[in-house]
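Per-entry structural report
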Amino acid sequence: MTPSDQHAVTLLPMTQAEFDVRMPVLVERYAESLVRSGRTSAALALDESGRQHTNLLPAGLATDRMLFLAARPTDAADAPAVGWIWIGLPDPAEPDLPAWIYNIEVDADQRGNGYGRAILTAVEPLLAARGVLRLGLNVFADNPVARRLYESTGFAVTAQQMVKPIGFAAAPDRDA
């Protein structure tokens, strides 16, 4: 085994049981990211995250054009998953649109072992076989580790959002 093969993964369709365990954690973590990024308040974040995920996944794991893939070490495919990836496929009527990574995650006890890179490497031929020409994603600004990984695997910044907190406007004078 060469060093580059050392952390290769096999991507297999996620089971309903895996989906049922991973999605509530994703909804919670995304809510935390929404708060950290200033997109919503802590009081509203969990509801907002849940709403977004429900809108994206009206049929859960069976939602059309959504791929949920569990990553298992290639040399131990019967081992537990070390991570997973969720990809939205483009509408066949709009083949120039990219597939979209909604989430890629390496399990906490497996981070730093090259599995994130291995998942990204393993997904490309699967997407190419489906006729996908491009792959996109968003990354929160407070996640420099992920950003370095994405940039090192060929992703380039194509847009950037910025936010400036300005405080609360004074309540209007009701006596005026």
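Use the structure listed above.
A brief report on the enclosed structure follows. Just so we're clear, the structure is a prediction, and the values are computed from it rather than from any experiment.

The next thing to look at is the pairing of strand β2 (residues 66-73). Burial within β2 is extensive, with eight of its eight residues counted as buried. As judged from the five bridges shared by strand β1 (residues 9-13) and β2, these two strands associate in the antiparallel manner. From the neighbouring strand, Thr10 faces β2, where its bridge partner is Arg72.

When two helices pack together, their arrangement is given by the angle between their axes and by how far apart the axes lie. Where helix α1 (residues 16-36) meets helix α2 (residues 42-56), the closest approach of the two axes is 8 Å, and the angle between their N-to-C directions is 130°. Our classification of the angle between α1 and α2 gives oblique. Of the two possible hands of crossing, α1 and α2 adopt the one that is right-handed. Where α1 abuts α2, its residues Met23, Leu26, Val27, Glu28, Tyr30, Ala31, Leu34 and Val35 lie against Ala42, Ala45, Leu46, Glu48, Ser49, Gly50, Gln52 and His53. Of the residues assigned to the contact of α1 with α2, the class counts are ten nonpolar, four polar and two charged.

This paragraph deals with the packing of aromatic side chains. Counted according to the given criterion, the structure contains five aromatic pairs. Judged by centre distance (6.4 Å) and plane angle (20°), the rings of Phe68 and Trp84 are stacked. One end of the pair, Phe68, is in strand β2; the other, Trp84, is in strand β3 (residues 83-88), with 16 residues separating them in the sequence. The interplanar angle of 65° and the centroid separation of 5.9 Å between the aromatic rings of Tyr150 and Phe155 together place this pair among those described as edge-to-face. Each member of the pair, Tyr150 together with Phe155, is buried. Through pairs of rings, three or more aromatic residues link up here, namely Phe19, Phe68, Trp84, Trp86 and Tyr102.

Here we come to the nonpolar core. Grouped together as the largest cluster of nonpolar side chains are 25 residues, with contacts concentrated most on Val9, Leu11, Ile85, Ile87, Ile101, Ile119 and Leu127. Of all the elements in the fold, those that place two or more residues in this core are β1, β2, β3, β4 (99-106), α3 (115-129) and α4 (144-152). Considering each element in turn, this core owes the most residues, seven residues, to α3. Among residues more than four places away in sequence, those in contact with Leu127 are Leu67, Ile87, Leu89, Ala99, Val132 and Leu135. Counting ten residues, the second largest nonpolar core, distinct from the first, contains Met14, Phe19, Leu61 and Trp86.

Basis of the calculations
Residues numbered from 1 in each chain as written. Predicted model: local features only at pLDDT ≥ 70, side-chain atom pairs only at ≥ 80, totals over all residues. Heavy atoms only, no water. Buried < 20%, exposed > 50% of the residue type's maximum accessible area, 1.4 Å probe, protein only. Helix = DSSP H or I, 4+ residues; strand = E, 2+ residues; numbered from the N terminus. Pairing = 2+ DSSP bridges. Axes fitted to C-alpha atoms, helices over the stretch in contact; angles between N-to-C directions. Parallel < 35°, antiparallel > 145°, perpendicular 65-115°, else oblique. Left-handed = near helix turned anticlockwise from the far one by under 90°. Contact = heavy atoms within 4.5 Å. Nonpolar A, V, L, I, M, F, W, Y, C, P; charged D, E, K, R; others polar. Phe/Tyr/Trp six-rings, centres within 6.5 Å; stacked < 30°, edge-to-face > 60°. Core = buried A, V, L, I, M, F, W, Y, C linked by side-chain atoms within 4.5 Å.

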